[in-house]
Amino acid sequence: MKAKRIELTEESDHGNPKYRQYRPFLSAVFYAVMSVSTVFLNKAIFRVHAFKFPATLVAGQMGFTLVLVTVMQQLGLVRKFHFNFTHFKRVGWLSFFFMLKLLLDMSALAVVNIPMYGVLKSSTTPCVMFLDYILRGKVATNRVQLAVFTITFGGFVAGLGDLTFDLSGYILALSSAMSTAAYVVLVGKLAEDLKMDSWMLLFYNCCWSLPMSLIIIIPTGEASKILEFPNLYSSSFLACYTSSCASACVLNWATYMCTLENDSLTTSVVGRTKSIVQSLGGLFAFGDVKISALNLSGLAVNSSGILWYAVEKAREQQAREVKETKSVEIEIEKGGVDVGSKGGSFRATIHEKVLLSDLKRDSSQITMVSPRNAR
């Protein structure tokens, strides 16, 4: 019986398959850009406008996001979905670590300069690697692990060279790193377990985070103090506050997209990549940095570790593509073959021996069912 090569058409709502290979890279770059922008906007609010109310800022960001997602659903700009209480409950822990991360981030930025904030957050990456193993059974290769620890060591060296050392700021930044690790890993786990897309995750997260932030405002005294804030009605402050809310909304969506298109560890490393940009920009933007040779050496080691990680992940991707494009021969008597994948589904109706190739998918996500087994 002759082997026949057939062309498979993907039934998917994820865009043109021709461009899908670029989605992981583009989502990572977009996440990095938005992360840097949001950090500088938040730093401007705290330092330039002397706004010391992080819970109020978080509440504004969550309210802005919830309204935006709802409006986009009504306009048909994003896929509509019905509220699922089971999914809502599962997202509760994700929102808890998200809120903790945000509050710690903003509190740390109020006392730590941007370069040191970035390198201290490098400790997020080994935490992600550890939690990925505990919660999802994922183990990075030895080379990837070495690259991750190089990134972390660079952050430690840069910290030793920080001439504006503040113990409370360091504790806040390191605590934020651990919360961020838990948050990123849970994003990947929930998306995998519940099959939720980035907009669904964003919506459910806001449903939890908005009331959480409003509750925090009361015991911290922000509810009464905010009315005494001198720049409350300043046009420049309101513009900065609104920009921060919009930027945080896009950043959260970008975080989910990067994690879903890549993995939790890559999202964390991308976060460390943007810390280099933060560090260079922070050296000049706010004037709260004293440069030392040790500080710059740490940043150099941190950067080399990030580059090493990128090279190792590129090698892994190439090896995976070689493995995935190997032809798979399926012999059946009659009927059809269904090939289901994470990104969509394929259908081939055949009556002879078939050669299926060029399925650029993770082999663990591909399922093939013959009519004999289906019966």
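A brief structural summary.

Calculation criteria
Residues numbered from 1 in each chain as written. Predicted model: local features only at pLDDT ≥ 70, side-chain atom pairs only at ≥ 80, totals over all residues. Heavy atoms only, no water. Helix = DSSP H or I, 4+ residues; strand = E, 2+ residues; numbered from the N terminus. Buried < 20%, exposed > 50% of the residue type's maximum accessible area, 1.4 Å probe, protein only. Contact = heavy atoms within 4.5 Å. Areas by Shrake-Rupley, 256 points an atom, 1.4 Å probe, with all protein chains shown as cover. Phe/Tyr/Trp six-rings, centres within 6.5 Å; stacked < 30°, edge-to-face > 60°. Salt bridge = Lys/Arg side-chain N within 4 Å of Asp/Glu carboxyl O. Patch = residues over 30% accessible without salt bridge, like charges linked within 9 Å, V, L, I, M, F, W, Y side chains within 5 Å. Axes fitted to C-alpha atoms, helices over the stretch in contact; angles between N-to-C directions. Parallel < 35°, antiparallel > 145°, perpendicular 65-115°, else oblique. Left-handed = near helix turned anticlockwise from the far one by under 90°. Nonpolar A, V, L, I, M, F, W, Y, C, P; charged D, E, K, R; others polar. Core = buried A, V, L, I, M, F, W, Y, C linked by side-chain atoms within 4.5 Å.

What follows covers the overall build of the chain. In terms of helices and strands, the chain carries 15 helices and six strands. Taken over 375 residues, the chain has a buried fraction of 49%. Counting only contacts in the chain whose residues sit at least 6 apart along the sequence, the fraction spanning at least 24 positions is 84%. If you sum the accessible surface of the chain, you get close to 18800 Å²; carbon and sulfur atoms cover 63% of it.

Tracing the backbone through its elements, the reader meets S213 in helix α10 (residues 198-217). Looking at S213, the relative accessible area reads 0%, which means it is buried. Setting aside residues up to four positions removed in sequence, S213 forms contacts with A55, V58, A59 and M99.

Going through the model one piece at a time under the given rule, you end up with 21 aromatic pairs. Their ring planes at 35° and their centres at 6.0 Å tell us that F85 and F88 sit as a pair that is tilted. In this pair, F85 and F88 both sit in helix α4 (residues 85-90), three residues apart, roughly one turn of the helix. The rings of F81, F83, F85, F88, F203, Y204 and W208 are connected pair by pair, giving a single aromatic cluster.

Overall, the coordinates contain six salt bridges when judged by the stated rule. The residue R136 makes a salt bridge to D132 at a minimum N-O spacing of 3.6 Å. Pair noted here: R136 and D132 are both in helix α7 (residues 124-136), with a separation of four residues, about one helical turn. Among the ionic pairs, R136 bridges to E192, the shortest N-O distance being 3.1 Å. Placement of the pair is R136 in helix α7 and E192 in helix α9 (residues 167-194), with a sequence separation of 56 residues. On the accessibility criterion, E192 (43% relative accessible area) is partly exposed. Bridged by salt links that share partners, the residues R90, K189 and D193 form one connected network.

A contiguous nonpolar surface patch, about 510 Å² in accessible area, is contributed by Y22, F25, L26, V29 and V33. Tracing the chain through its elements places V29 in helix α2 (residues 23-48).

Right, let's talk about the packing of α10 against helix α12 (residues 235-261) for a bit. For the pair α10 and α12, interaxial distance at closest approach is 9 Å and the crossing angle is 135°. Between α10 and α12, the interaxial angle falls into the category oblique. Handedness of the α10/α12 crossing: right-handed. For the pair formed by α10 and α12, the contact residues are S198, W199, L201, L202 and N205 on the first element and C249, N252, W253, Y256, M257 and L260 on the second. Of the residues contributing to the contact of α10 with α12, the split by class is eight nonpolar, three polar and no charged.

The next subject is the nonpolar core. One recurring pattern in soluble globular proteins is that nonpolar side chains are buried together. Counting 55 residues, the largest nonpolar core has F51, L94, M196 and L201 as the members making the most contacts within it. Within the residue set of this core, elements represented by two or more residues are α2, α3 (54-74), α5 (92-109), α6 (114-120), α9, α10 and α12. Broken down by element, the residue count for this core peaks at nine residues, all from α9. Apart from residues lying up to four places away in sequence, L201 is in contact with L94, V187, L190, A191, M196 and Y256. One finds V128, V144, V148 and V185 within the second-largest nonpolar core, a separate group that totals 13 residues.

Here we come to the packing of α2 against α12. For the pair α2 and α12, the least separation of the axes is 8 Å and the interaxial angle reads 150°. Taken together, α2 and α12 sit at an angle that is classed as roughly antiparallel. Crossing of α2 against α12: the hand is left-handed. Across the contact of α2 with α12, the residue classes tally to 18 nonpolar, nine polar and two charged.

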